[in-house]
Structure formats: C-alpha cells, structure tokens
Amino acid sequence: MRARVWAGGGLCCLSAIGAACAAVTLASRLVGFTGQSNIIVWDEVTKTEHFIRNAKFASNAKDLGFIAPTPSLPKLEEVDAKAFETLKSAIHDFEERMKEVPRGCAKNEPVKGLEILQAVNVAGYRAVTLRASDSSQLISWMKANHYVTTPSIKEWIEFYVKRSWLFTAFSVDSKSGRGETGLVKMSFKTDRPFNPYYIPVDNFPDAASKPSGLILYFVATGRFSPEPGAPDGLREHGAVAVEGNYVKDLATQLKLPSLPPNTTITTFIDEEFPRSSLKQDVFFDQSGPQPTIPFNPLTACCGTCSGFILLGIWYAVHRIRRARREEAAASEIFYDELTSALQESHK
C-alpha cells in the first residue's frame, strides 16, 4: 500500500486549490510550496475566523494528503474560487476611485488515546478532525493510516499538541467521482485571528528555487495589522473599503450570511514565505477604522440628478401631448366653423 505525502501549516491541494493544511513529505519525494494566496474573514462579534487558502505544490508523489491545525473544531465547507477574483476586483475598483480623488484525508484507523471529532467528505476530500493529548498519538495514527513523518513534521506536530490545538487531516477522496478538488473554507472559534506561518522545512522549495511567496487578503471590520513578532518581510500593501455588489458577491461565494460591518480588505504580501526562522503563526489585531470611501459627486447626486431628468422628460412629454390636444381641438373648431360657413353659403 502506498504511503501518503502530507502537507501542513496552511491550505493546499493537488489541483492548486485546497484546504488549510501543513505539509509533510515522504522520504525522497519532496512536497514544496510553489505559491499561495489566503483569505481570512474575521468576525469580531462571534470570535470566528473563516480561513481559505489557494496553494500550489510541486511533488513527484503519487498519493497526497494534508493536515491542518486549528485552535477549535472547524466547520468545513466548499466555497467558490471566484472569491479571489472578487477581492481583486474590489481592490482595483477602490484604487481607481482613489485616483479620482484630489490629493490632499485519510482512512479511519483508530489509535488508543486519540479522539476523532468529525469525519466528512468535502470538495473532493475525505477530512478527519482529531484531538491528540500527546504527539505520539497523532504520529501513531498517521503510521496506522500509512502516512510517513519526518523529524521536522514531528516537531511541527509537537508545537500544536502543546497548545491543545486540533488537527484536520485531508486526503483526496477517490470514491467521490470528482476529477479535481475544490476550495475549502475552515470556520473555527479563536480568540485572535491568525494566518498559519509555521511550515515544516520538508515543504520548503529546494535550495535552487526562490521562496514561493504569500498573498493574504484580510477581510474584517476596519484595518488589521500583524502583532509583534511577525516577520519584517510581511508587509501591508494597502487597505480598501468594500461596498455594494462586492460585499454581496463575496459573501455568496464564501457561503457567509453576511460580511463584517464596515468591510475592509487589508492586503499583505510576503515575498520570502515560507521562512525557516519562524516557527510560530502570525496573529493580527485591529489597527484602524475602515478607509474613507472616496466621494464621487456623480454617484452622490445620482438619485437626485436622475429624478430631475425624469421630471424633465415627463414635463416635456406632457407639454407635447397638451400641445397636440390643443392643436387637435383647434382643428376641430376650425372644421366646425368651416362646415357651418359652407352650409350658410348654400342657403
């Protein structure tokens, strides 16, 4: 039976779209990040983070799986990959408007002491969420299910076990009949929003390759920034306010009843991701209000202007109709008078 290759610490998959996970490798077969984009939607009221990652991997392995740590039990849902394009469009539209403003998983082999919290099929994956009180329990489960670990993977597992986090294992569901995997949203409770940043070295690109890089879209009420301890290379590339159809479309694509009030997209880029020097995740905190949406006189007066235009059209049509009625009435009087005159002349 083939051993599986694991990917962890974020979101990953075979077809370049997948679920949050951490990457682990199989002996001589390397699984490396080749680029990723993440979406975090943070609901401050309910303390819920919705995490989506679109990641790509390079590997010659024939069988792949992924594992993702979360501080609480995640709800897993397939979402629309068009959400990334909606975010890009919303950002582009806001920036264009600013220019106009004057500047001033796996099988289910049991392991003693390991608790299986859920097992679901989602987006072409079989996903199993596990709770382990000891790192050896999770490692034993991986071995029992024909997964291979390495020293760096064991270290990575120990890091999250000590924090009492849960692990969700993803494997491609060969029985689903799907030709590809989809985009998975993990929704879970957490005191602070975070982006997975601790990546096992087995998932790093080879020495001859450049870092894969990271793009993060942070969607929340107001502007957010990384807490102290984040790498210097993780830089903010602007924050934009979101309104109108973008809010509606994004909520629909991510299967959310609504987006946070005063929705703001803060974009972060780290060209040096992943980093061997960082063995922890990056947490975020609110740093400012929603950016001011540029005032557009045409948009602002649109309703008033259109009202005046419609009123003007109505008045013109009314005048034309009245003039035609008056003209018709005058013609009728003239015809009557002419008929009377002709009748008198024949007497």
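Residues numbered from 1 in each chain as written. Predicted model: local features only at pLDDT ≥ 70, side-chain atom pairs only at ≥ 80, totals over all residues. Heavy atoms only, no water.

(A) Representation of the overall build of the protein in the model. Across its full length, the protein holds six helices and 16 strands. A total of about 18,000 Å² of accessible surface is found on the protein, and carbon and sulfur atoms cover 53% of it. (Helix = DSSP H or I, 4+ residues; strand = E, 2+ residues; numbered from the N terminus. Areas by Shrake-Rupley, 256 points an atom, 1.4 Å probe, with all protein chains shown as cover.)

(B) Spatial organisation of the sheet that holds strand β13 (residues 223-226). The three strands lie next to each other as β11-β16-β13, forming an open sheet whose pairing is antiparallel. Bordering the open sheet on either side are β11 (194-195) and β13, each of which pairs with just one other strand. (Pairing = 2+ DSSP bridges.)

(C) Broad picture of helix α4 (residues 245-253). Every buried residue of α4 is listed here: L250, A251 and Q253. On an axial view of α4, the arc spanned by its buried residues comes to 165°, and they lie on one face. Exposed side of α4, more than 90 degrees from the buried face: N245, K248 and T252 are the residues found there. Following α4 by one or two positions, K255 adopts a phi angle in the positive range, close to 55°. (Buried < 20%, exposed > 50% of the residue type's maximum accessible area, 1.4 Å probe, protein only. Arc of directions from axis to C-beta.)

(D) Molecular detail of the packing of aromatic side chains. Enumeration according to the criterion identifies 16 aromatic pairs in this entry. Judged by centre distance (5.7 Å) and plane angle (80°), the ring pair of Y125 and F170 falls under edge-to-face. Highlighted residues: Y125 in strand β8 (residues 125-132) and F170 in strand β9 (residues 166-172), separated in sequence by 45 residues. The same class applies to Y125 as to F170, namely buried. Centroid distance F159 to Y198: 5.1 Å. Interplanar angle 90°. Geometry classified as edge-to-face. With a gap of 39 residues between them, F159 in helix α3 (residues 151-161) and Y198 in the loop between β11 and β12 (214-221) connect regions that are remote in the sequence. Judged by relative accessible area, which is 4%, Y198 ranks as buried. A connected cluster of aromatic rings, assembled from ring pairs, spans W156, F159, Y160, W165, F167, F188, F194, Y198 and F283. It is R163 that lies over the ring of F159; its NZ or CZ is 3.6 Å from the centre. (Phe/Tyr/Trp six-rings, centres within 6.5 Å; stacked < 30°, edge-to-face > 60°. Lys NZ or Arg CZ within 6 Å of the ring centre and 35° of its normal.)

(E) Examining the pairing of β12 more closely. With six of its eight residues buried, β12 lies for the most part within the structure. Alignment of β12 against strand β15 (residues 263-270), held across eight bridges, turns out to be antiparallel. Residue pairing across strands places Y217 opposite T267, the latter belonging to β15.

(F) Structural detail: the environment of H237. With respect to the helices and strands, the residue H237 is situated in strand β14 (residues 235-241). For H237, a relative accessible area of 48% gives the class partly exposed. Along the primary structure H237 and L216 are separated by 21 residues, whereas in three dimensions their C-alpha atoms are 9.9 Å apart.

(G) Structural view of the packing of helix α2 (residues 135-144) against α3. α3 packs onto α2 with a crossing angle of 130° between their chain directions and a minimal axis gap of 9 Å. Regarding the angle of α2 to α3, the classification is oblique. At the point where α2 passes α3, the crossing takes the right-handed sense. Along the contact surface, α2 presents S135, L138, I139 and M142, while α3 presents K154, I157, E158 and V161. Split by residue class, the contact of α2 with α3 holds five nonpolar, one polar and two charged. (Axes fitted to C-alpha atoms, helices over the stretch in contact; angles between N-to-C directions. Parallel < 35°, antiparallel > 145°, perpendicular 65-115°, else oblique. Left-handed = near helix turned anticlockwise from the far one by under 90°. Contact = heavy atoms within 4.5 Å. Nonpolar A, V, L, I, M, F, W, Y, C, P; charged D, E, K, R; others polar.)

(H) The arrangement of the environment of Y125 in detail. The exposure class of Y125 is buried, given its relative accessible area of 0%. Counting along the chain gives 45 residues from Y125 to F170, while the straight-line C-alpha distance between them is 6.0 Å.

(I) Geometry of the nonpolar core. With 50 residues, the main nonpolar core has L138, I157, F167, F170, F218 and F284 as its most contacted residues. The element contributing the most residues to this core is α3, with six residues. The contact partners of L138, leaving out residues within four places of it in the chain, are I67, L114, L130, A132, I157 and F167. Formed by 22 residues, the second largest nonpolar core is a distinct cluster that contains I52, L87, Y217 and L254. (Core = buried A, V, L, I, M, F, W, Y, C linked by side-chain atoms within 4.5 Å.)

(J) Representation of the confidence of the model for the protein within the structure. Mean pLDDT over the protein: 79, with 67% of residues reaching 70 or higher. Least confident of the elements in the protein is strand β1 (residues 5-12), whose mean pLDDT is 42; most confident is β13, at 97. Taken together, the stretch residues 23-30 has pLDDT below 50 and engages in 41 contacts with residues farther than four places along the chain or on a different chain. Below a pLDDT of 50 lies the segment residues 298-303, which in the model reaches two contacts outside its immediate sequence neighbourhood of four places, other chains included. (pLDDT = per-residue confidence, 0-100.)

(K) Spatial organisation of unusual backbone geometry. Going from F273 to P274, the amide bond is cis rather than trans, its omega being 0°. Here P274 lies in the loop between β15 and β16 (282-288). At K47, a residue that is not glycine, the phi angle is positive and equals roughly 55°. Along the chain, K47 turns up in the loop between β3 (32-43) and β4 (48-58). Here K255, not a glycine, exhibits a phi torsion of approximately 55°, which is positive.

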